[in-house]
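# Residue-level structural notes
So you can see what is in the structure, the chains are spelled out below.
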Amino acid sequence: MNLSGRKIYINNICMLENVEINISGLTVIAGENDTGKSTIGKVLFALIKACEMSRGGFFYKNRDRYIRNKIYDLKSLLSMMLTKQEYYQMAQYVNALEAKINFILRKRYKSEKEKDTNLSHIFEEMRPLFLPRVSDLMERFFDEVRKAFTENFRDKFRINNLENLFKYLFMDDYVSNFASGVAKIRLESASKITKISIEHNKIASLNDGGRFFKDVTYIDTPVIFQLIRLLMLSDLNEKEYMPTIKDLKRKLADLPRKIDLWEKDELDDVISAIKNIIKGDIVIDEPGSFVFSRQNKKFRIENIATGIKSFAIILLLLKNGWLTTNTLLVIDEPEVHLHPKWQVEYCRIISLLVRKGITVIVATHSPYIVQGLIKMTDLYEIKDRTNFYLMFNKDGVGHCENVTGKEHKIFQLLAEPFDRIF
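Presented here is an overview of the structure given in this document. (Residues numbered from 1 in each chain as written. Predicted model: local features only at pLDDT ≥ 70, side-chain atom pairs only at ≥ 80, totals over all residues. Heavy atoms only, no water.)

The subject of this paragraph is the overall build of the chain. Counting secondary structure elements, the chain contains 14 helices and 14 strands. Considering only C-alpha atoms, the chain reaches an extent of 90 × 60 × 40 Å along its principal axes. Expressed as a percentage of its 422 residues, the buried residues of the chain come to 50%. At a minimum sequence separation of 6, the contacts of the chain that also span at least 24 residues come to 70%. Total accessible area on the chain is roughly 21100 Å²; 51% of this is exposed by carbon and sulfur atoms. Charged side chains in the chain number 64 positive and 55 negative. The centres of these two groups are separated by 4 Å. (Helix = DSSP H or I, 4+ residues; strand = E, 2+ residues; numbered from the N terminus. Buried < 20%, exposed > 50% of the residue type's maximum accessible area, 1.4 Å probe, protein only. Contact = heavy atoms within 4.5 Å. Areas by Shrake-Rupley, 256 points an atom, 1.4 Å probe, with all protein chains shown as cover. Lys, Arg positive; Asp, Glu negative; His and termini not counted. Charge placed at Lys NZ, Arg CZ, Asp CG, Glu CD.)

Taken together, the side chains of Val223, Leu227, Leu230 and Leu233 present a nonpolar region at the surface, about 300 Å² in accessible area. Counting through the fold element by element, leucine 227 comes out in helix 7 (residues 224–231). (Patch = residues over 30% accessible without salt bridge, like charges linked within 9 Å, V, L, I, M, F, W, Y side chains within 5 Å. Salt bridge = Lys/Arg side-chain N within 4 Å of Asp/Glu carboxyl O.)

Bringing the side chain of threonine 244 into the picture now. By the element assignment, threonine 244 lies in helix 9 (residues 243–253). Not counting residues within four places of it along the chain, the set of residues in contact with threonine 244 comprises Phe45, Leu169 and Tyr218.

What follows is about the packing of helix 4 (residues 112–126) against helix 5 (residues 135–147). Helix 5 packs onto helix 4 with a crossing angle of 170° between their chain directions and a minimal axis gap of 10 Å. The angle between the axes of helix 4 and helix 5 places the two elements in the roughly antiparallel class. Here Asp116, Leu119, Ser120 and Phe123 of helix 4 come into contact with helix 5, specifically with Phe142, Val145 and Arg146. Its residues placed into classes, the contact of helix 4 with helix 5 shows four nonpolar, one polar and two charged. (Axes fitted to C-alpha atoms, helices over the stretch in contact; angles between N-to-C directions. Parallel < 35°, antiparallel > 145°, perpendicular 65-115°, else oblique. Nonpolar A, V, L, I, M, F, W, Y, C, P; charged D, E, K, R; others polar.)

A few words on the pairing of strand 12 (residues 359–364). Counted residue by residue, strand 12 has six buried out of six residues, so it is predominantly covered. Residues Thr359, Ile361 and Ala363 of strand 12 are buried on one face, and the alternating residues Val360, Val362 and Thr364, pointing to the opposite face, are buried as well. The pairing of strand 3 (residues 26–31) with strand 12 spans five bridges and is classified as parallel. Bridge pairing links alanine 30 to threonine 364 in strand 12. For strand 11 (residues 328–332) and strand 12, the ladder comprises five bridges, and the chain directions are parallel. What sits directly across from leucine 329, in strand 12, is valine 360. The β-α-β motif built from strand 11, the intervening helix 12 (residues 340–355) and the parallel element strand 12 has right-handed crossover chirality. (Pairing = 2+ DSSP bridges. Right-handed = clockwise from strand over helix to strand, strands pointing away.)

To continue, consider the sheet that holds strand 14 (residues 397–402). Spatial strand order, 7-11-12-3-13-14: six strands in an open sheet with mixed pairing. Strand pairing shows two members of the sheet lacking a second neighbour, strand 7 (216–219) and strand 14, which therefore form its edges. Along the sheet, successive strands turn relative to each other by an average axial angle of 15°, direction set aside. Packing against the sheet, helix 1 (residues 37–53) makes contact with strand 3, strand 7, strand 11, strand 12 and strand 13 (386–394), and its axis sits at approximately 150° to strand 7.

We now examine the sheet that holds strand 9 (residues 289–294). Read across the sheet, three strands follow the order 8-9-10 without closing on themselves; strand pairing throughout is antiparallel. Either end of the sheet is taken by a strand with one partner, and the two such strands are strand 8 (281–286) and strand 10 (297–300). Averaged over all adjacent pairs, the angle separating strand axes in this sheet is 35°, with direction ignored. In this sheet, strand 10 lies alongside strand 9 in antiparallel orientation, the contact comprising four bridges. Within the sheet, the bridge partner assigned to arginine 294 lies in strand 10 and is lysine 297. On top of the sheet, helix 11 (residues 306–319) reaches strand 8 and strand 9; it is set at about 70° to strand 8, its chief contact.

Next up on the list: the environment of arginine 63. Tracing the chain through its elements places arginine 63 in helix 2 (residues 57–81). Distance in space between the C-alpha atoms of arginine 63 and phenylalanine 153 is 8.9 Å, their sequence separation being 90 residues. When sequence neighbours within four positions are dropped, the list of residues in contact with arginine 63 reads Leu105, Glu112, Lys115, Ala148, Phe149 and Phe153.

Judged by nonpolar contacts, the single largest core of 58 residues is most densely connected at Phe225, Leu252, Leu353 and Val360. It is helix 11 that contributes the most residues to this core, nine residues altogether. Setting aside anything within four residues of it in sequence, one finds leucine 353 in contact with Val270, Ile314, Leu318, Leu323, Leu329, Ile358 and Val360. Grouped together as the second largest cluster of nonpolar side chains are 43 residues, Ile23, Leu169, Tyr174 and Ile203 included. (Core = buried A, V, L, I, M, F, W, Y, C linked by side-chain atoms within 4.5 Å.)

Taken as a whole and assessed by the stated rule, the structure comprises zero disulfides. Among the cysteines around cysteine 14, which has no disulfide bond, cysteine 400 carries the closest sulfur, lying 15 Å off. Given a relative accessible area of 23%, cysteine 400 falls into the partly exposed group. (Disulfide = S-S within 2.5 Å.)

Quick look at the environment of phenylalanine 299 now. Among the structural elements, phenylalanine 299 can be located in strand 10. Relative accessible area serves as the criterion here: at 38%, phenylalanine 299 is assigned to the partly exposed category. When the C-alpha positions of phenylalanine 299 and tyrosine 380 are compared, they lie 33 Å apart, and in sequence the two are 81 residues distant. For phenylalanine 299, the contacting residues outside a window of four places in its chain are Phe290, Val291, Phe292 and Ile304.

Shown next as structure tokens:
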């Protein structure tokens, strides 16, 4: 698969005025703090998640709940409009209608159009059974149910999810102040384009061009292991909070994702490499509880070094089937909790992942990470799938320069503080 053609364009989101990034095997985004490095990964996370949520079981579960709520509303309105005797008679028909609709929702069809056709047949069949005085109400109900099977309904669902993700990732004000309230995002490859237009922090349009990645994971901090038990409490589990953290918590603590055996076998050497670096293994003791095992001794993960936790996240994502071919992994400043020696080893793991077909984006301000990735991508022969970018802040605006082949520019920028000292 040719990944070099994948690009994202971001215009006027947060401090990014006009950014273009290649998303090939490995994308390294380096620069100082307050340059917009993290924004790129968060935008990608929100966009991919919103589109994937509108394709799979999550969408169908929510659509079916919407239809069942419409049935409940219909029953409530009929109970207010009709006498007891009339309602008793109509309730039998509504129950029969509900059973037929539920049957269609559960049944597998070759296409949504086929399901819509069967619903139309049911409505035609049931229409004569209802009292004339509720015919308008029933027609509105039929229309609302049928709309749930249109592409427009799916588009609204997708846009709503993207707005919610942006809200929690960037709060309510994510369009740049210098943008006159207008922003655009475009994700493209050689064969498809997904485009978003945003006006005054509201999604004006979203054109989903198709699947670019099977899934995306965003790693912000290994401190998540200190929070998982808290986040799994019943009163917090269903609440909305930072979506990157919620997604990572689910992938680490919940049921593993099913993958093909050949994919698992392909990644076994990466798992072995991580175990060798940390001189141990991470196992799940119970949901939300993890144990570090080393030389027949076991330690609660909360009590081990934070650097080990950094490797533990990738190890568990691999074990649980969330890092496979054509998934995207975004890692924000991995160096924060790693000694320079382990920063280099972390670069080794990243390069191994990319070699296995996993796309990785790393945002960093560490010269060890940059140098480590330069060396490791050469060692593991993925240099042709690697791009380096330098982010810098000019007058409050984040700018981005492709410095692939000119990585010395990154080291010049990161070395400036030492020049000022000496």
